[in-house]
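# Notes for the structure review
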Amino acid sequence: MSQFDYDLVIIGAGVGGHGAALHAVKMGLKTAIVEAGDMGGTCVNRGCIPSKALLAASGKVRELADTSHLQDMGVSVGGVTFDRSAIASHANDLVSKIRGDLTNSLKRLKVDTIRGWGKVVAPQKVAVETESGEKIITAKDIMLCPGSVPFVPRGVEIDGKTVYTSDHAVRLESLPQWIAVIGSGYIGLEFADVYTALGSEITMIEAMDKLMPTFDPDIAKIAEKVLINSRDIETYTGVFATKVIPGTPVMIELTDAKTKEVVEVLEVDACLVATGRIPATENLGLENLGVETERGFIPVNDKMQVLKDGQVVPHLWAVGDANGKMMLAHAASGQGIVAVENMCGNDKTIDYRSIPAAAFTHPEISYVGLSEPQAKELGKNEGFEVGTAKTYFKANSKALAEKETDGIAKVIYRKDTGELLGVHIIGIHASDLIQEAANAIASRQSVHELAFNVHAHPTLSEVLDEAYKRAG
Ligand SMILES: Cc1cc2nc3c(=O)[nH]c(=O)nc-3n(C[C@H](O)[C@H](O)[C@H](O)COP(=O)(O)OP(=O)(O)OC[C@H]3O[C@@H](n4cnc5c(N)ncnc54)[C@H](O)[C@@H]3O)c2cc1C
Ligand SMILES: NC(=O)c1ccc[n+]([C@@H]2O[C@H](COP(=O)([O-])OP(=O)(O)OC[C@H]3O[C@@H](n4cnc5c(N)ncnc54)[C@H](O)[C@@H]3O)[C@@H](O)[C@H]2O)c1
């Protein structure tokens, strides 16, 4: 008999906690998961899933409304209409289905689900505030997966109707004519794609000098042309939204990022605040173990062990958005698996370099590994030169057949060894195309070897094949 109630207790049933629970069961661990809100967390209820349903439906509208594109292929349609509330139902129904599937998968695997707020009260001890009172659970290991919530800058007032975050936007409860989107990151870009497809005009406000500041510069340049300039989107860069007041109209005060002077006041119908996310690490009981967060994030090493003053806190792990390493769903579940492996005595670390990311715009953007500036910085420190090769969707037979020729693939590699360091794609199906590059980076392959892999013809994957051959 174990001295503990469980081998593992997980706090938070988002994708991080869920991925960890499935792997823990596979490894033979008696597991419980604690959830205070919706099973499935952000990704399933307010993130990846509903946003991708909205992008899928609005993407169809965009495609069918582009009559000249269809006519170029000899196809004509008799006009396209859509029903906003039916599109919203499509997203809600998908959320319910996937939340149900996730909940059932835990039941099937005999993971105990405990509903309520979980807190670490002592080493290897968790207290859960349940509807029927406090429940104390002991476990050999505790994994913290509390996730994140939208960051709302000071001066921005959310009413959930005219000024809102992605938590409200995924429900598509209205479709105002003129929407300001604050932030040109993933959420800003994806929602601008949905809104413009459904006929809204957008004003995009970005604090940095350039739009999409985190993307590789070549990709950001094309994305700006294809996803922003060719659509009903006006942009402001280098300005902060310093005050946003809900109402009819919504008032937005813009302040120059350098001079700190108010430069303009906008009046719009609605405002989506997409200015990043912050960790949900308050009231988790971290102070009971002396763990200090860093800007709210839980410090961890690459085995996902929680750190206190740089030292490992025994039997305490943290995965997902709350550790701030890579705020993506698959990174969260990947980290969960790594943590479980380590608690079972297997020495595993996470390889962030090979984890891909994608924005599901039309066309899509994806990347894995380093951007060109990051690769050059690494090359400067480690003494190697960086090579790049680019190929164009307009030279790809499949893209030409589809008449979807906007986009490039860019490959970044070490000139001395040929090691693939990063791949960036903008173009049709970029989110699927990136996986072969992610696998290549995971095994640190060289463009010289990759150039010999045979790709099916005619496929979009030849965009990468061609890039490897140019580099190799
Ligand atoms: C609009 C949007 C679109 C996105 N699209 C994508 C995408 O396409 N692809 C992608 O990879 N990522 C996407 N993301 C990011 C993705 O949703 C997150 O990276 C992912 O959800 C993180 O998972 P997590 O398990 O760390 O946390 P979460 O999913 O946030 O789950 C944490 C869970 O813990 C619970 N919890 C917190 N504290 C406690 C406590 N003390 N006790 C009990 N329960 C607690 C919460 O209720 C929550 O259910 C998107 C995010 C947003 C907002
Ligand atoms: N497809 C996906 O994988 C996907 C989709 C959506 C969200 N996500 C995840 O969700 C997280 C949050 O996304 P996000 O788009 O909110 O954040 P983000 O960090 O990607 O982008 C936020 C942008 O807002 C700007 N900004 C911040 N404050 C501002 C202000 N006051 N005025 C003007 N601009 C301001 C920032 O400079 C930045 O460019 C990301 O970490 C992302 O990984 C992923």
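Parameters at a glance
- Residues numbered from 1 in each chain as written.
- Chains lettered and ligands numbered in written order.
- Predicted model: local features only at pLDDT ≥ 70, side-chain atom pairs only at ≥ 80, totals over all residues.
- Heavy atoms only, no water.
- Helix = DSSP H or I, 4+ residues; strand = E, 2+ residues; numbered from the N terminus.
- Rg over C-alpha atoms; globule rule 2.2 N^0.38 Å.
- Buried < 20%, exposed > 50% of the residue type's maximum accessible area, 1.4 Å probe, protein only.
- Contact = heavy atoms within 4.5 Å.
- Areas by Shrake-Rupley, 256 points an atom, 1.4 Å probe, with all protein chains shown as cover.
- Salt bridge = Lys/Arg side-chain N within 4 Å of Asp/Glu carboxyl O.
- Core = buried A, V, L, I, M, F, W, Y, C linked by side-chain atoms within 4.5 Å.
- Polar contact = N/O pair within 3.5 Å; in protein donor to acceptor, adjacent residues only side chain to side chain.
- Pairing = 2+ DSSP bridges.
- Axes fitted to C-alpha atoms, helices over the stretch in contact; angles between N-to-C directions.
- 1 Å grid on protein atoms, 1.4 Å probe; cavity = no way out; pocket = protein on both sides within 12 Å on 5 of 7 lines; lining within 4 Å.
- Points joined across faces, edges and corners; volume = space filled by probe spheres on them.
- Nonpolar A, V, L, I, M, F, W, Y, C, P; charged D, E, K, R; others polar.
- Near = heavy atom within 4 Å.
- Domains from an automatic or database assignment.
- Buried area = accessible area lost by both parts, 1.4 Å probe.
- UniProt positions renumbered as here; feature names shortened; annotations may be inferred.

With that settled, the discussion passes to the overall build of the protein. Looking only at helices and strands, the protein has 14 helices and 23 strands in total. For the protein, the C-alpha radius of gyration of 24 Å lies close to 23 Å, the compact-globule estimate for 472 residues. Once the C-alpha set of the protein is aligned to its principal axes, its extents read approximately 70 × 60 × 50 Å. By the burial criterion, 52% of the 472 residues in the protein qualify as buried. Across the protein, the fraction of contacts at a sequence separation of at least 24, relative to all contacts at a separation of at least 6, is 64%. Summed over its atoms, the accessible surface of the protein is roughly 21500 Å², and 50% of this surface lies on carbon and sulfur atoms.

Once that is clear, we can look at the pattern of salt bridges. On inspection of all chains with the given rule, the structure shows 22 salt bridges. Asp-141 is the partner of Lys-140 in a salt bridge, and the nearest nitrogen-oxygen pair spans 3.3 Å. The exposure class assigned to Lys-140 is partly exposed, which follows from its relative accessible area of 32%. Taking the relative accessible area as the measure of exposure, Asp-141 reaches 3% and is therefore buried. The salt bridge involving Asp-216 is made with Lys-410; its shortest N-O contact spans 2.8 Å. Of this pair, Asp-216 sits in the loop between strand S10 (201-206) and helix H8 (217-229) while Lys-410 sits in strand S22 (residues 408-414); the two residues are 194 residues apart in sequence, bridging distant segments of the chain. Just as Asp-216 is buried, Lys-410 falls in that class too. Taken together, the salt bridges that share partners define one network made up of Asp-216, Asp-218, Glu-372, Lys-376, Lys-390 and Lys-410.

Counting residues in each nonpolar core, the largest one holds 52 residues, and the members touching the most others are Val-9, Ile-10, Met-143, Leu-144, Ile-298, Val-306 and Leu-316. When residues of this core are traced back to their parent elements, those giving at least two are strand S1 (6-11), helix H1 (15-26), strand S2 (31-35), helix H5 (84-108), strand S5 (125-130), strand S6 (133-144), strand S18 (311-318) and helix H9 (329-343). Apart from the residues lying within four places of it in its own chain, the contact partners of Val-306 are Val-291, Ile-298, Pro-299, Val-300, Gln-311, Val-312, Val-313, Leu-316, Trp-317 and Ala-318. Grouped together as the second largest cluster of nonpolar side chains are 38 residues, Val-61, Ala-88, Tyr-164 and Ala-270 included.

The subject of this paragraph is the side chain of His-424. Note that His-424 resides in strand S23 (residues 420-427). A residue is classified by how much of its surface remains accessible, and His-424, at 3% relative accessible area, is buried. For His-424, the side chain forms a polar contact with the main-chain oxygen of Leu-370, separated by 2.8 Å. With residues up to four places along the chain from it excluded, the contact list for His-424 reads Asp-216, Ile-219, Ser-366, Tyr-367, Leu-370, Ser-371, Ile-408, Ala-409, Lys-410 and Ile-412.

Sheet architecture is open: five strands sit in the order S8-S15-S9-S10-S11, paired in parallel fashion. Edge positions in the sheet fall to strand S8 (163-164) and strand S11 (233-237), since each of these pairs with one other strand and no more. Sitting on the sheet, helix H7 (residues 186-197) is in contact with S8, strand S9 (178-182), S10, S11 and strand S15 (270-273), with an inclination near 170 degrees to S10.

Let's shift gears to empty space enclosed by the protein. With the rule as written, the count across this model stands at one cavity of 30 Å³ or more. Along its surface, the largest cavity is lined by Leu-189, Ala-192, Asp-193, Met-204, Leu-227, Ile-228, Arg-231, Ile-233 and Thr-361. Elements with a minimum of two residues in the lining of the largest cavity: H7 and H8. Here the lining of the largest cavity is built from residues that sort into six nonpolar, one polar and two charged.

What follows covers the site of ligand 1. Lining the immediate environment of ligand 1, one finds 37 residues, of which Glu-35, Thr-42, Lys-52, Gly-118 and Asp-321 sit closest. Gly-118 places a main-chain nitrogen or oxygen 2.9 Å from a nitrogen atom of ligand 1. A distance of 3.4 Å separates an oxygen atom of ligand 1 from a polar backbone atom of Cys-145. Listing elements by their share of the shell around ligand 1, those giving two or more residues are H1, S2, helix H2 (41-46), helix H3 (48-65), strand S4 (117-122) and H9. Top contributing element to the shell around ligand 1 by residue count: H2, with four residues.

With that settled, consider the domain arrangement of the protein. Interfaces are often sized by the amount of accessible area the parts lose when they come together. Partitioning the protein into structural domains gives domain 1 (6-47 + 89-147 + 278-350), domain 2 (163-275) and domain 3 (354-471). Of note, the centres of domain 2 and domain 3, computed from C-alpha atoms alone, are 29 Å apart. When domain 2 packs against domain 3, close to 1400 Å² is buried across both sides, 69% of that on carbon and sulfur atoms. The largest share of the area that domain 2 buries against domain 3 comes from Tyr-186, Asp-216 and Ile-219, three residues that together contribute 35% of it.

So, about the site of ligand 2. The environment of ligand 2 is formed by 25 residues, the closest being Ile-187, Glu-206, Gly-276, Met-327 and Ala-358. At a separation of 2.6 Å, an oxygen atom of ligand 2 approaches a polar side-chain atom of Glu-206. Here an oxygen atom of ligand 2 sits 3.5 Å away from a polar atom, N or O, in the main chain of Ala-274. Contact with the protein chains removes 81% of the 860 Å² of surface that ligand 2 exposes when unbound. Among the secondary structure elements, those contributing two or more residues to the shell around ligand 2 are H7, S10 and strand S12 (239-245). Looking at the shell around ligand 2, its residues break down into 16 nonpolar, five polar and four charged.

Under the UniProt annotation, the feature "domain: FAD/NAD(P)-binding" (unreviewed entry) is placed at residues 6-336. Span residues 6-336 is 31% helix and 30% strand, its end C-alpha atoms 17 Å apart.

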